[in-house]
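Listed here are the chains, written in short residue letters.
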Amino acid sequence: MADKGPEYMQRATLLLVASSFVLGACGGIRDTNWNPGNWFGKSRIERRAASTDTPQEVNPLIPEQADSIFRRKSAEESYEGTPIHTVSDLVIERSSGGAIVRATGVSLRQGAFDVRLKAQNKGEPQNGVLTYVMEAVQPTNLPQGTQRSRTINAAAFVSDQVLSEVRTIRVVGLTGARTTARR
């Protein structure tokens, strides 16, 4: 093999130094709006006045009307969820074609299921605010338990088309709401 000589070493060293400067400069992009992870800031809590409405005691295992083979089922499913007690976290995650709104909440009792983020205003933003209500079917006959055992999650996909009109995303619970806004 032929000796590559000092000229080769100088080029390699120059390339190594130049590439380290270029990669070091990329760290400045992380705090700009070019980074999709920065499009929405951290969520913050909004307090709401306590309401006097209490959830009705409904057993989700007993249907209101007995099904019959002679009666047609309605095309629309009836959802018996009620707003959860507290929304504890809200995160917006970028995805292909839009974003995923992921909310974490705490129900009043253990055993909450069928958790949903129910869009308000037919999923259209009002004055730049896209609002969801975090709901779940919540049994009333189970113990309260620890906060960890009552923590529930829900997510909803928002398309880029809808996001283009949104400045703030808001998720509402029974005692308050969490919001996150674009930077």
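Residues numbered from 1 in each chain as written. Predicted model: local features only at pLDDT ≥ 70, side-chain atom pairs only at ≥ 80, totals over all residues. Heavy atoms only, no water.

A.B. asks: Provide a residue-level description of the pairing of strand β3 (residues 86-95), including the pertinent values.
C.D. replies: Bridge count between β3 and strand β4 (residues 98-106): nine bridges; the pairing is antiparallel. Opposite L90, over in β4, you have A103 as the bridge partner. (Pairing = 2+ DSSP bridges. Helix = DSSP H or I, 4+ residues; strand = E, 2+ residues; numbered from the N terminus.)

A.B. asks: A description of empty space enclosed by the protein should follow, citing residues and the corresponding values.
C.D. replies: Gaps left between atoms are located by rolling a probe of water-molecule size over the structure's atoms. Scanning the model with the defined rule gives one cavity of 30 Å³ or more in all. For the largest cavity, the calculated volume is near 40 Å³. Around the largest cavity, the lining residues are I45, E46, R47, T86, V87, T175, G176 and A177. Put simply, the parts of the chain that give the lining of the largest cavity at least two residues each are β1 (44-47), β3 and β9 (176-181). Sort the elements by how many residues they give to the lining of the largest cavity and β1 lands first, with three residues. Residues of the lining of the largest cavity, tallied by class, amount to three nonpolar, three polar and two charged. (1 Å grid on protein atoms, 1.4 Å probe; cavity = no way out; pocket = protein on both sides within 12 Å on 5 of 7 lines; lining within 4 Å. Points joined across faces, edges and corners; volume = space filled by probe spheres on them. Nonpolar A, V, L, I, M, F, W, Y, C, P; charged D, E, K, R; others polar.)

A.B. asks: Give me the nonpolar core: which residues, what numbers.
C.D. replies: Formed by 23 residues in total, the largest nonpolar core has its most connected members in V101, L117, Y132, M134, I169 and V171. Looking at this core, the elements with two or more residues in it are β3, β4, β6 (129-137), β7 (151-159), α3 (160-163) and β8 (168-172). Ignoring anything within four residues of it in the chain, the contact list for L117 reads V101, A103, Y132, V133, M134, A154, A155, A156 and V171. (Core = buried A, V, L, I, M, F, W, Y, C linked by side-chain atoms within 4.5 Å. Buried < 20%, exposed > 50% of the residue type's maximum accessible area, 1.4 Å probe, protein only. Contact = heavy atoms within 4.5 Å.)

A.B. asks: Break down the side chain of S107 for me, with residues and values.
C.D. replies: Along the polypeptide, S107 turns up in the loop between β4 and β5 (113-119). According to the relative accessible area criterion, S107 is buried, its value standing at 1%. At 2.6 Å, the side chain of S107 and the backbone oxygen of R109 are in polar contact. Leave out the neighbours within four places in its chain, and S107 touches H85, A112, Q138, R150 and I152. (Polar contact = N/O pair within 3.5 Å; in protein donor to acceptor, adjacent residues only side chain to side chain.)

A.B. asks: Provide a residue-level description of the sheet that holds β3, including the pertinent values.
C.D. replies: If you walk across this open sheet you meet the three strands as β3-β4-β7, and the pairing is antiparallel. Only two strands of the sheet have a single partner each, and these edge strands are β3 and β7. Between one strand axis and the next, the sheet turns through 20 degrees on average, direction left out of account. (Axes fitted to C-alpha atoms, helices over the stretch in contact; angles between N-to-C directions.)

A.B. asks: Residues and numbers for the pattern of salt bridges, please.
C.D. replies: Side-chain pairing between opposite charges can occur once the charged atoms of the two side chains come close. According to the stated counting rule, one finds five salt bridges in the structure shown. E93 serves as the salt-bridge partner of R102, at 2.9 Å between the closest nitrogen and oxygen. By relative accessible area, R102 is classed as partly exposed at 31%. Classification of E93 as partly exposed rests on a relative accessible area of 30%. We note a salt bridge from K118 to E135, for which the minimum N-O separation is 3.8 Å. Taken together, the residues span a long stretch of sequence, with K118 in strand β5 and E135 in strand β6 at a distance of 17 residues. For E135, a relative accessible area of 9% translates into the label buried. (Salt bridge = Lys/Arg side-chain N within 4 Å of Asp/Glu carboxyl O.)

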